[in-house]
Amino acid sequence: MTSRDRVLRRIRDALGPARGTPVPVPRDYRRHLGAEYARADVIALFTERIAAHGTPVRHVGAGGLPTALAAALWAREAARIAVPAGLPAGWLAELEGVAVVPDGPGVDPAAPDGPDAVVTGCAAAVAETGTIVLDGGRGQGRRALTLCPRLHVCVVHADQIAGTVAEAAARLPPGRPQTWLTGPAVARGPARERSPHGAAALEVLVVEDWL
Amino acid sequence: MRVALFVACYNDALFPATGRAVVRLLERLGHQVVFPAAQTCCGQMHWSTGYRAEAAALASGFAEVFSGGGFDAVVTPSASCAAAVRRDHARIFRAAGRDAPPLPPVHELTEFLVDVLGVTDVGASFPHRVAYHPTCHATRALGAGDRPLRLLRAVRSLELAEIPAADECCGFGGTFALKNADVSVALVADKVRHIRATAADVVCAVDNSCLAHIGGALSRLRSGVRVLHLADILAGPEDGA
Amino acid sequence: MTAAPRPRLRFADAARPALADTALRRDLRDGAAAVRARRAAAVAETPDWAELRAAGRALKDRTLLNLDACLERLERAVTAAGGTVHWAVGAAEAARTVARLAGGAAVAMPAAPVLEEIGAADALAAAGSTVHRTGADAEFPAVRTAVTGVDVMVAETGAMVLLEWAGDARRCLAVPDALITVAGIEQVVPDRADLEVLLRSLPRSAGERLTPAVSVWTGVAPGDGPAAFHLVLVDNGRTRALADEIGRAALRCVGCAACLDVCPVYERTGPGPYGAPPGGPIGAVRVPLQRGVGSAATASLPFASTLCGACADVCPVEIDIPEVLVHLRGEVVDARRGRPVPTPELAVMRAAAWTMGDPQRYEAALRGGVRWARLLSRGGRIRRLPGRFGAWTDARDLPAPPARSFRVWWRDRAGAR
């Protein structure tokens, strides 16, 4: 008998007549923010919550994005950046004196001689938690790309911001690897103090079309 | 109302003054108190230490004594015994494979005063600085909430002090105090430290078991801080006392 | 090979050095206070907290009562997504499986309770693998294999969900060529929709709106991360816990550690005296449920609690830990009833129950006890009790019982009227 069969048989023996009992799950918890949240409030909540983690966040109009990106990279003295395939070319139109490396198997953003920064889009964002979600879709690249310890500039379109975790989860296609990022790392020893590790690594640009 | 007093075995032997205080208080409020003489123990200590068969026998005895009728409610000055009857007896009988016998409602004293009788001012006076310790069974098992505090706030001349981290356990835990005496003492040491920080003269609660634990540590330190059951404060002094 | 950690000393004995460790006591006290405050804030801003707890409890009960079907469904989904599922009955088998899959290669291994439980590090080292324990501040090793735990597995999709505080596991999931993930069989949930519950209740219960990183992966993703994914499903006594109708509630645990942060006992002793991670209230039920109460050390764990109930109040899946503790105390006592010589405690408890089983016997004992106790007292206090009761008077006085019990007073009063 294989271990698989043994474990499954133990489970069946353990449950006895209770096995297969249907248990209804009450789903009357809140899936959405309250009705008092207008669209602008959702975006404001996202900004407030992500800033509460110490993550720099700025709002720009679609036309102003290339300049804002260039300014963010310039402020951190990034001379060489890595970007995923599919990043809209226009985003990088204003870069001057910055070498752009397309991501590929040879690129290791975590290496000491890796790029100074990476720029990506995202799959969704969550207002109630101040979270960005990457899933390897267009303009996001593989997971290893966003492990750059120096700077990750993430561009969030305002319409990508969901109110709640449930709303964001429903927007994401299953099967893809997801990374949900919410603030800097926390040390979880007995003292569990917040650690500055990674605090400076993420910057968020929120693109609002009407700006 | 005709009220049956379940005094709780440890009060009967070690803290009879609390039982007398409940009688005095309820009679002053115009109610008739009866004491079913066949009562002994609700089985809480046996049950919570793992002696299920012994607990079942005691729980049966309790049900026999208090299901007899002839009164409108059962009142006890012990939150932990009230919780044992209301929460644990069903579990005790289930573990013994029996149906729980029907019982009249068993109220902890402050619940009875506030919820059933609807009084918070019982006409008491107590000119001391008093800290209230919310015991685990009162707070978490019964959900007594602020009922004891509402009663205390209505006591004339009483100065109420708030204990820091008040809802933390004092470390008594029944046989825990013996089986894990070192951890138990570590807990009561912190509780005593918090109590003394309030500069209270008296610590009160609705469980004499926890008070005996806290009071035992306060007495060992010769702190001069007294422990009193809430009923003793509400009832006022005895005649000739 | 070294075995997985297990308690060796009785809790009371193991607790003594921890209680005397001043620095540990301070860290625990400060840490618990900080997390309790953060947790309270995270819960206070969640208006549907009660509904989330009820849903969490129900979805885990639904999982447990259908665990065989759930795991088979998970296995199909993981396999369809390019992963391989392995099963292990015991801890040693699980550890051997991990070591075999690593094949002697150096591995990166972020801390996870299940990895400690099965003794993964020792097994890997014994099989020739260098183990790099990663952490927030550790340099990430240049290795091609990673070994991780997981928090939730979704049977419907085969998705693995890992909630992270330090951020090092994220790298383990993205960089190496091979990923070996170990999970307890109870960590599965049936549906995608269950995630929207646990992704809210678990982090908030631990004091954050969401943990700094949450990684979700399903089998292998071409061109992104490991090309090989192995999932090792571990029983190691979980089915023993599942067979216990009251104890099985403890398998709902999602690992938020909120019960540790509010436990007054854990706050004084830390994890050490519990003998195996994670300790605290959940450890005090899980270890005896999964291993039985045969050894004095595991049998002491259900008694390592004052039953104060703080743990039950905070649990995001409504595990009534005190109820399970009391149930396990009953199991310990019942296991000892069969001994040829009764334990002293059994003798005392039986005598007490026999005495209190009858009002006449009770009153006679009351009179005798009061006389004895008053002989031991001075100035109204008893400062030293004999035998095992001396544990009380080591640090605490006991009030001397008054000469007249309540029932005697009552009778005297009735007689006087």
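Residues numbered from 1 in each chain as written. Chains lettered and ligands numbered in written order. Predicted model: local features only at pLDDT ≥ 70, side-chain atom pairs only at ≥ 80, totals over all residues.

**Some points on the overall build of chain C**
The helix and strand tally for chain C stands at 20 helices and 13 strands. The C-alpha extent of chain C, read off along each of the three principal axes, is 95 × 50 × 40 Å. The proportion of buried residues among the 417 residues of chain C is 57%. A fraction of 76% describes how many contacts in chain C between residues 6 or more apart in sequence connect residues 24 or more apart. (Helix = DSSP H or I, 4+ residues; strand = E, 2+ residues; numbered from the N terminus. Buried ≥ 20, exposed ≤ 12 C-beta atoms within 10 Å, placed from the backbone. Contact = placed C-beta atoms within 7 Å.)

**Looking at the overall build of chain B**
A count of helical and extended segments in chain B gives twelve helices and eight strands. Relative to its length of 241 residues, chain B is compact, with a C-alpha radius of gyration of 18 Å against a globular reference of 18 Å. Projected onto its principal axes, the C-alpha positions of chain B cover 50 × 45 × 30 Å. Looking at the 241 residues of chain B, the share that counts as buried comes to 57%. Sequence-distant contacts, at least 24 apart, represent 79% of the contacts inside chain B between residues at least 6 apart. (Rg over C-alpha atoms; globule rule 2.2 N^0.38 Å.)

**Things to note about the interface of chain A and chain C**
With 56 residues of chain A at the contact, the number on the chain C side is 64 residues. Contributions of two or more residues to the side of chain A that touches chain C are made by α1 (3-15), α4 (165-171) and β9 (178-181) of chain A. For the side of chain A that touches chain C, the leading source of residues is α1 of chain A, giving ten residues. Of the residues assigned to the side of chain A that touches chain C, the class counts are 27 nonpolar, 14 polar and 15 charged. (Nonpolar A, V, L, I, M, F, W, Y, C, P; charged D, E, K, R; others polar.)

**A look at the sheet that holds strand β12 (residues 381-382) of chain C**
All names here are of chain C. Taken in spatial order, the three strands line up as β11-β12-β13 in an open sheet, and their pairing is antiparallel. Both outer strands of the open sheet, β11 (377-378) and β13 (398-399), are each paired with one neighbouring strand and no more. Where β12 and β13 come together, two bridges link them in antiparallel fashion. Looking across to β13, one finds that R381 is bridged to P399. (Pairing = 2+ DSSP bridges.)

**As for the pairing of strand β2 (residues 107-110) of chain C**
Residues and elements named next belong to chain C. Of the two faces of β2, the one lined by V107 and M109 and the one lined by A108 and P110 are each fully buried. Of the pairings in the sheet, the one linking β2 to strand β3 (residues 131-134) comprises four bridges and is parallel in character. Residue P110 lies in a different strand from β3, and its bridge partner there is T134. Here β2 pairs with strand β4 (residues 145-148) via two bridges, running parallel. The partner of A108 across the bridge, within β4, is A146.

**Comments concerning the environment of L211 of chain B**
Residue and element names in this part refer to chain B. Assignment of secondary structure puts L211 in helix α11 (residues 208-220). On the basis of neighbour count, L211 is assigned to the buried category, with 26 C-beta atoms found within 10 Å. Distance from L211 to T135, taken between C-alpha atoms, is 9.1 Å for residues 76 residues apart in sequence. What L211 contacts, discounting residues up to four positions off in sequence, is A205, V227 and H229.

**With respect to the arrangement of the chains**
By contact count, the leading pair among the two pairs of chains in contact is chains A and C. The two units chain A and chain B are non-contacting; their minimal C-alpha-C-alpha distance is 18 Å.

**A word on the domain arrangement of chain C**
On domain assignment, one finds that chain C holds domain 1 (1-41 + 254-338), domain 2 (46-236) and domain 3 (350-416). Once you take the C-alpha centre of each, domain 2 of chain C and domain 3 of chain C turn out to be 56 Å apart. (Domains from an automatic or database assignment.)

**Focus on the sheet that holds β3 of chain C**
All names here are of chain C. The strand order β1-β10-β7-β4-β2-β3 describes an open sheet built from six strands, whose pairing is parallel. Of all strands in the sheet, those with a lone pairing partner are β1 (83-88) and β3, marking the two edges. Put simply, the sheet's adjacent strands are angled 20° from each other on average, direction ignored. (Axes fitted to C-alpha atoms, helices over the stretch in contact; angles between N-to-C directions.)

**So, unusual backbone geometry**
The residue after P277 of chain C, namely P278 of chain C, is reached through a cis peptide bond having omega 5°. With respect to the secondary-structure elements, P278 of chain C resides in the loop between α12 (264-269) and α13 (280-291). At A8 of chain B, a residue that is not glycine, the phi angle is positive and equals roughly 80°. Residue S157 of chain B is not a glycine yet carries a positive backbone phi of 65°. Looking at where S157 of chain B falls in the secondary structure, it is placed in the loop between α8 (147-153) and β6 (159-161). Given 9 C-beta atoms within a 10 Å radius, S157 of chain B is considered exposed.

**Looking at the packing of helix α3 (residues 49-65) of chain C against helix α9 (residues 195-205) of chain C**
Residue and element names in this part refer to chain C. For the pair α3 and α9, interaxial distance at closest approach is 10 Å and the crossing angle is 120°. Of the possible angle classes, the one that applies to α3 and α9 is oblique. For the crossing formed where α3 meets α9, the hand is left-handed. Contacts between α3 and α9 pair L52, R53, A55, G56 and L59 from the former with V197, L198, R200 and S201 from the latter. Here the contact of α3 with α9 is composed, by residue class, of five nonpolar, two polar and two charged. (Parallel < 35°, antiparallel > 145°, perpendicular 65-115°, else oblique. Left-handed = near helix turned anticlockwise from the far one by under 90°.)

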